[in-house]
Each structure stands twice: as C-alpha cells, then as structure tokens.
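Here is how the chains run, residue by residue.
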Amino acid sequence: MTTPAPTLPIVHCWRIDLDAPRPAGSDQWIAASEHARADRFKFDYLQRRYRATRAGLRMLLARALGIQPGEVRFVRSARGKPSLDPAHQSDLQFNLTHSEHVAWVAVGTMELGIDLEVLGRQVKMLDSLLHRVTTPDEDGLLMAMPEALRELAFLLMWTRKESALKAWGEGISGMGSLNTLETRLPDTDVLGRFLQRLHPAHVEAGTQGSAVPGAGSGSRAQTSAIGRPAGTEPDAPPEIPAGTTRHAFRADPENTPAAAIHRETFPADPRNHPAGAHPVPAALTAATDHRIPANTLPQVHMVYPRTRAAELKPGEQRPALYATTLDLGSELVTVTAPEPFEVQAHAFRY
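Residues numbered from 1 in each chain as written. Predicted model: local features only at pLDDT ≥ 70, side-chain atom pairs only at ≥ 80, totals over all residues. Heavy atoms only, no water.

Draft legend 1. Layout of the nonpolar core. Judged by nonpolar contacts, the single largest core of 33 residues is most densely connected at Leu142, Leu152, Phe154 and Trp168. With 11 residues, helix H5 (residues 147–167) is the largest single contributor of residues to this core. Apart from the residues lying within four places of it in its own chain, the contact partners of leucine 142 are Leu130, Thr134, Arg150, Ala153, Phe154, Met157 and Leu185. Listed in part, the 24 residues of the second largest apolar core include Trp29, Ile30, Leu92 and Val107. (Core = buried A, V, L, I, M, F, W, Y, C linked by side-chain atoms within 4.5 Å. Buried < 20%, exposed > 50% of the residue type's maximum accessible area, 1.4 Å probe, protein only. Helix = DSSP H or I, 4+ residues; strand = E, 2+ residues; numbered from the N terminus. Contact = heavy atoms within 4.5 Å.)

If you want it as structure tokens, here you go:
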C-alpha cells in the first residue's frame, strides 16, 4: 500500500503592480509614519509607489484578518523585521519585496523571506562585488559559466541570499558579509536547461552560436531538490542551535462589486525607465482566478553560516531554510521558509 505524500503548507505570493489604479482614499489607510517615509523620496512617482506598496500590503492582510485596511497594525523585531501586531491574535506571517513598479508579498503561517530581481538588466560582474557577495565555491562556479548563464545565476544567488536574510530577520548589514552564506547554485546543466526552456532568446543572444552546456559538462551539481530518493542528497548541513483555515487570501473583497470601487490612476514616471518599464510577465495574461502560472527551480536547503552562529545573541535562533525560486520571464522571485512548502502565485487586485 502506497503511503500518500504529506501535504505541504502553502505560501501565497501576491504580485502588486504599483502603477495600477487603486481605490480613492487608499492613502488614508496608511499610517503617518509611512507617509513621512514616502515624503522623503525625491520624485513624486517614487512617493506614489511607496504608498501603493503600503496600501496593497494592508489590503491583503486586512482581507485575511477580516478587518479594514486602516486597522492593520504592525510591530518590528529588535532587528527591524515587521510583523503583525500581537493584538490581532493571528498566526499570519508576511514578507515584502519590491523593485521598479512591482512589489511581491509572501503570506503564510511560517517566518518568511522574499526577494525580487528584475531580469533583462545587465549586471556588472565586478571582481570586487563578487568577492563581497559570493563564497569561494560560488565565485568559481559563476566564473566558469558561459556569460549567457552567469547573469541569471548571479541574480538567482542574490535573491536566495536576500530572502534568507529576511526570513531570519536580518539585513545585509546585519550579516556583515554575504560571502559566508552558501546558496547552493544549480550547476551549469540545470541552469542551461532552465534558460533554454524559459529564455531562449536570451540564450541565443548570449551564446552566439555556442551550445548551452548539456549533460556531461563536468560541473558539480549543488541543487538539493526536495523529495529526491534517499541517498541523492548532499552531505547533511551542520546543526544550528536551536494550514490556516481562517485565512482565505481572496483576490477580491467579499460582497464588493468591482464596479463599485472608484480607482485613481497613478502613471509611471518615464524617467525611471529610459527604455520603458520591464515587460509584464506573460503568465499574467493566462492567470485564472488571479493565480499566476510560474516556473520554479528545485527547492533547496540553506543553513545559517557556522562562522556567524557564534555571534548570535542569547536566545536567538537561525533555523535552516528552504528556498523556492519562481521565474516569471521578466521577474525572478525567491521565497524562503523554515520547512518545505508549496507556492501559489497570484495577481493582486483591489
């Protein structure tokens, strides 16, 4: 008799278009401290996008909590990670990331981290940057890759590190250096097949006739896929000290006809995108019930650097994390949590 596979917890990831129309009066949901921070941005379009980020986050959480967006209250940890005020008496957890005119919010019942990188922008692979960001193994793997793969691999590595630090409640400055955190990059074979399937134009432009490496390239595999047969996992990492029915995560407010919501348009400022905004993921046009089809890389296991563990304060813990990366064609999004999970990606609507 076959034992059914255990049901994994679901992390819901919501994509918010920060230049999309939003309800009139949504600025009133935002706290005075959030308005003050928005006002510190130099350009109006950046102020609007910051307010749109806060309004979208509040709407998402308010729907899950069954309250009004302006009633959502936040607290911060000693290291600055935001969470819901305990007064809400909810086990709901969230994390936020944004780039250009897009924000992503991860929502679930575990500590979460999320990071977004926009694809298609040239990354300057400076030696000094690599030295500060990569481990020696990562540096060697990146530099051995064809240029067509190197940019995606670097951004994949970056989003994994950023999302892990956010799940642990730390920033880059808190870690001191990213070159002690191993991200288990895919080998050249895995990345080559991934790019060939999802970004064929990028591969062709980068290789200019040279084949994308296939099986037998000799690169060492580092990706640890959850659910592999026993014996195929890498060596166990060093030990580090030690489903939600009421959260519906609805894409539309209940009992509120879409036509009844007045929307104001906040257009993008072209100065932020000299060549135009990056393309909206094609998967958005195929979304059903506001769910976005997304391609994912195998989930990997990450641990807090042993060299940094001794610097933790008494009582602080940094559990091992699992990281899942979504590739939406023009956006790379990595989500991390302390146990294996499934991701459902959605397009946010007011």
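Draft legend 2. A look at the packing of H5 against helix H7 (residues 188–198). H7 packs onto H5 with a crossing angle of 95 degrees between their chain directions and a minimal axis gap of 10 Å. By the angle class used here, H5 and H7 are roughly perpendicular. Contacts between H5 and H7 pair Ala148, Leu149, Leu152 and Ala153 from the former with Thr188, Leu191, Gly192, Phe194 and Leu195 from the latter. When its residues are assigned to classes, the contact of H5 with H7 shows 7 nonpolar, 2 polar and no charged. (Axes fitted to C-alpha atoms, helices over the stretch in contact; angles between N-to-C directions. Parallel < 35°, antiparallel > 145°, perpendicular 65-115°, else oblique. Nonpolar A, V, L, I, M, F, W, Y, C, P; charged D, E, K, R; others polar.)

Draft legend 3. Seen up close, the pairing of strand S5 (residues 93–99). The buried count for S5 comes to 5 of 7 residues, which makes it a mostly enclosed element. Both S5 and strand S6 (residues 102–108) contribute to a ladder of 7 bridges, which runs antiparallel. Each residue of the ladder has a partner; that of leucine 96, found in S6, is valine 105. Between S5 and S6, which pair antiparallel in sequence order, lie 2 residues; one of them, glutamate 100, sits at a positive phi of approximately 55 degrees. (Pairing = 2+ DSSP bridges.)

These figures come from the coordinates and say nothing about function on their own.
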